[in-house]
Each structure stands twice: as structure tokens, then as C-alpha cells.
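In case you want the letters, here they are:
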Amino acid sequence: MTRHAEGPLNGRLEDNHKRHINYLRISITDRCNLRCLYCTPRGRIPKLPHSAILRYEEIARIAEIGARLGIEKIRITGGEPLARKGFDDLLEKLVIIPGLRDISLTTNGLLLERHLDRLRDIGIQRLNISLDTLDPEKYARITGYNGFHQVWSAVSAALQKGFSPIKINVVALKGINDDELKALAALSLDYPFHVRFIEQMPYFAPGGPENATPLSEADIRSIIAPLGNLIPAGEIHSRGPADRYRIQGAPGEIGFISPVSHHFCKWCNRLRLTADGLLRSCLLSEIVTDIKTPLRENATDAELARVIIAAVGKKPLKMTDAEHKAGCGSRMFAIGG
Ligand code: SAM
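Predicted, not measured: the structure shown is a model, and the values here were computed from it.

**Student:** Explain the overall build of the chain to me, please; I cannot follow it from the model alone.
**Tutor:** If you tally the helices and strands in the chain, you get eleven helices and twelve strands. Once local pairs closer than 6 in sequence are excluded, the contacts in the chain between residues at least 24 apart make up 73%. Roughly 14,400 Å² of accessible area belongs to the chain as shown, and the carbon and sulfur atoms make up 53% of that amount.

Quick look at the structure:
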């Protein structure tokens, strides 16, 4: 480790494998208003008790100490982050933290439209919206809720209000939305959206369709190939795990997030904070560091900084093929992707 809590702002937080860790993904709730087949078990899910969930002041304090250590980017996720009351108060606290230059939100978009003005006023520009289909019936089948029009209306309103970039996250689902991947990619021809195809990590809700061999990036590329050549957009891997492309003349982009076929451990720049106060060193491994207990036992900033540094220090160099294939199982909804 090269950084210490007391160091200057915008320092460099490095793990033991010389990777620059500057990105914190914060899940603010384990609860979600959708039950996507590939993410959340259907039926009753045990909820974390209220007291187990970090309060906004606690999250903001961790973010502030993280920023002093060198965290520059924060993404708020869930569960469904907009389903937690007062999420905007947290965003307000985050945008004023010195050193944080990029605060964004991943949402399923159901509750988004009513909050767009407030988000813009707070200064949030970047939105990731999960939308796996353009077919309202299929949307209900995938998510368990008849909400397509609500989400599409929010996407359109976000565009109109100038949010940028608007990233559309599409999990490629064999036998479910593979017939639509071309149409989803073609959104980038008509709109400045960044359409990002995500390889499905192997999990399907019990009772949902079996899916032993998820679509790979290569499968997705061949499905969308008739739209035209993909021209690299931006520096590959400069911003994270999505390879970015553009079809000639398109206002938008197409990206691939391929945790199963292309491991991106080498470029990993992130740390995750779960809603119940665990720092997760790697999406696919169970290595966690409890920061909630010291936080609630009145640890000093320097002590909490050491907890963050310890969590970064536990990041594995890479996960095995088997671990990538196994994904993070049924816990994605709690970790936040
Ligand atoms: N509720 C928010 C949403 O829907 O965007 C944030 C949480 S969700 C867990 C974050 C991202 O993880 C979504 O884009 C979702 O599609 C993705 N995701 C969930 N389960 C997945 C899986 N099994 N494989 C790949 N991506 C998955």
C-alpha cells in the first residue's frame, strides 16, 4: 500500500498488485422494487433490519475518508437506490466532498422520472439505467413488474433534461432478449445512449428458465454485427471494464461488459461498500472487511482509513475461470453489481 489516511487529497490508493483503486461502488439498500430473473430471488427475501443498514451520515463519512485516500469516483447502487427514502440527501452530501469528481447512479429507472429535476439540481449528470428489453410484455416477464413504459418515459425525460452520458445496461439473456439485442444496439444510432451489453453471470431465479450457457460477448457481437463495424470509442479499458465502440456516424456508443468471457481483474479499480457496512474487495469473492463496527464504535478517521486500506490490500490479483463462471450467485441484488 502506498497511501495513508493523513495524506493529501487526490492521492493514489494502490492495491498490492499495483492497481490504482479510485472507484467506490456503494449499495445503499438491499431492497429492490423489481425481481429480475437473473438477479433477485422471486418470493419473500429476508430484509436486513433497519439498524443493520448504514445511515447516510455513515456512508458520507466513509466516502469522505475514501476521497482523502484517493477515491475519485462513486457510484450509488442497490438494491434499487431510488427506493431508499432520502437518497437525494446522501447525494447532496457526496457532491460537496473534495476530491470526488464523478458521482453517478445505477437504477432500474422505475422511480427515476419524478426525481430527475432534483438530481440535476444536485449536480448528478451520469445515469446508468438497466433495461433489458424494448418489449413491455417481456419486461414484465424479466422483472416481474409491468413497468416498461414508466422506465422508457424516464429514459426519454433524462435525455431531454440533458443528463449525459445515459448508459443503458442490458443483460444479454439467451432465449429471452437475444432476438432484441440488435434493436437495443440500434438505440445508439438514434440517441446518444451508451448501450452496454452485460454477460449474464450465472444466476436465474428459482422457477425461472434454465440457462446453462449464457450468451458470451462473441455471441452478442455476432448478433449485432449486421448493424455495421464497431469502431473503438475512447481508450479501451481507460474507464472500467466496458470496452467501448461506436457504429460509424452514431451519436451513441456500444459497450461490452464481459465478466464471464473476458476477465477484467487486471483493470479492476474498484472497491464496494454494501448496504450493511461491509467493504467488499472483489465482486466475485467473499473477501469482506467490516467497516460498520469500527464506525459505530467511534473509530477515528485515521482508524477508518486503515480499514479501507486493509480492504484494498485484500483485493485478489485475479479470480479463476471457475470463480468467474460461478459469478456472485444470488447475491447480486445485495451487492449492487
Ligand atoms: N437496481 C439497480 C438496477 O437495476 O440497475 C441497481 C442494482 S443492479 C444489481 C446493478 C446491475 O447489475 C444492473 O445493471 C443489473 O442488470 C446487473 N446484474 C444483476 N444481476 C446480474 C447478473 N446475474 N449478471 C450480470 N449482471 C447482473
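There is more to say, and it comes next.
**Student:** How do you make sense of the side chain of Asp15 when you look at a structure like this?
**Tutor:** Within the secondary structure, Asp15 sits in the segment before strand E1 (23-27). Within the structure, the side chain of Asp15 is placed 2.8 Å from the backbone nitrogen of His17, a separation counted as a polar contact. Within polar-contact distance, the side chain of Asp15 engages the side chain of Arg19 at 2.7 Å.

**Student:** Looking at this structure, I do not really get helix H2 (residues 87-95). What am I missing?
**Tutor:** Along an α-helix, residues three or four positions apart point the same way, because every turn accommodates 3.6 residues. Within H2, burial applies to Phe87, Asp88, Leu90, Leu91 and Leu94. All buried residues of H2 fall inside an arc of 150 degrees around its axis, so they share one side. Buried positions along H2 lie against helix H1 (56-69), strand E2 (73-77), strand E3 (102-107) and helix H3 (116-122).

**Student:** Is there a simple way to explain the environment of Glu137 in this structure?
**Tutor:** Relative to the helices and strands, Glu137 is located in helix H4 (residues 136-143). Overall, Glu137 belongs to the exposed group, its relative accessible area being 68%.

**Student:** Sorry, what's going on with the packing of aromatic side chains here?
**Tutor:** In this description, an aromatic ring pair is defined by two values, namely the gap between the centres and the angle between the planes. Considering all chains together, one arrives at seven aromatic pairs under this definition. Ring centres 6.3 Å apart and planes at 65 degrees place the aromatic pair Tyr139 and Phe148 in the edge-to-face group. For the residue pair Tyr139 and Phe148, the accessibility class agrees, reading buried in each case. Put simply, the rings of Tyr139, Phe148, Trp152, Tyr191 and Phe193 pair up and form one aromatic cluster. A cation over a ring is seen here: Lys73 above Tyr23, with NZ or CZ 4.5 Å from the ring centre. Note that Arg84 overlies the ring of Tyr56, its terminal NZ or CZ placed 4.1 Å from the centroid.

**Student:** Even after reading the chapter, I still don't get the site of the ligand, so can you show me in this structure?
**Tutor:** Inspection of the region around the ligand gives 19 residues, with Tyr38, Gly79, Glu80, Ser130 and Met201 positioned closest. Backbone polar atom of Gly79 to a nitrogen atom of the ligand: 2.9 Å apart, as the coordinates give it. In the environment of the ligand, an oxygen atom lies 3.2 Å from a nitrogen or oxygen atom belonging to the side chain of Asn169. Elements with a minimum of two residues in the shell around the ligand: E3, strand E5 (166-172) and strand E6 (194-199). Of the residues that constitute the shell around the ligand, the class distribution is six nonpolar, eleven polar and two charged.

**Student:** Looking at this structure, I do not really get the sheet that holds E5. What am I missing?
**Tutor:** Within a sheet, adjacent strands bond to each other through the backbone by hydrogen bonds, running parallel or antiparallel. What the twelve strands build is an open sheet, ordered E7-E8-E9-E6-E5-E4-E3-E2-E1-E10-E11-E12; its pairing is mixed. Two strands bound the open sheet, and with one partner strand each, they are strand E7 (230-232) and strand E12 (288-290). Between one strand axis and the next, the sheet turns by 25 degrees as a mean value, whatever way the strands run. Both E3 and strand E4 (residues 126-130) contribute to a ladder of four bridges, which runs parallel. Bridge pairing links Thr107 to Ile129 in E4. Here helix H6 (residues 181-190) sits on the sheet in contact with E5, E6, strand E8 (243-247) and strand E9 (253-257), set at roughly 150 degrees to E6.

Criteria and thresholds
- Residues numbered from 1 in each chain as written.
- Predicted model: local features only at pLDDT ≥ 70, side-chain atom pairs only at ≥ 80, totals over all residues.
- Heavy atoms only, no water.
- Helix = DSSP H or I, 4+ residues; strand = E, 2+ residues; numbered from the N terminus.
- Contact = heavy atoms within 4.5 Å.
- Areas by Shrake-Rupley, 256 points an atom, 1.4 Å probe, with all protein chains shown as cover.
- Polar contact = N/O pair within 3.5 Å; in protein donor to acceptor, adjacent residues only side chain to side chain.
- Buried < 20%, exposed > 50% of the residue type's maximum accessible area, 1.4 Å probe, protein only.
- Arc of directions from axis to C-beta.
- Phe/Tyr/Trp six-rings, centres within 6.5 Å; stacked < 30°, edge-to-face > 60°.
- Lys NZ or Arg CZ within 6 Å of the ring centre and 35° of its normal.
- Near = heavy atom within 4 Å.
- Nonpolar A, V, L, I, M, F, W, Y, C, P; charged D, E, K, R; others polar.
- Pairing = 2+ DSSP bridges.
- Axes fitted to C-alpha atoms, helices over the stretch in contact; angles between N-to-C directions.

As far as function goes, none of this settles anything; it's purely spatial.
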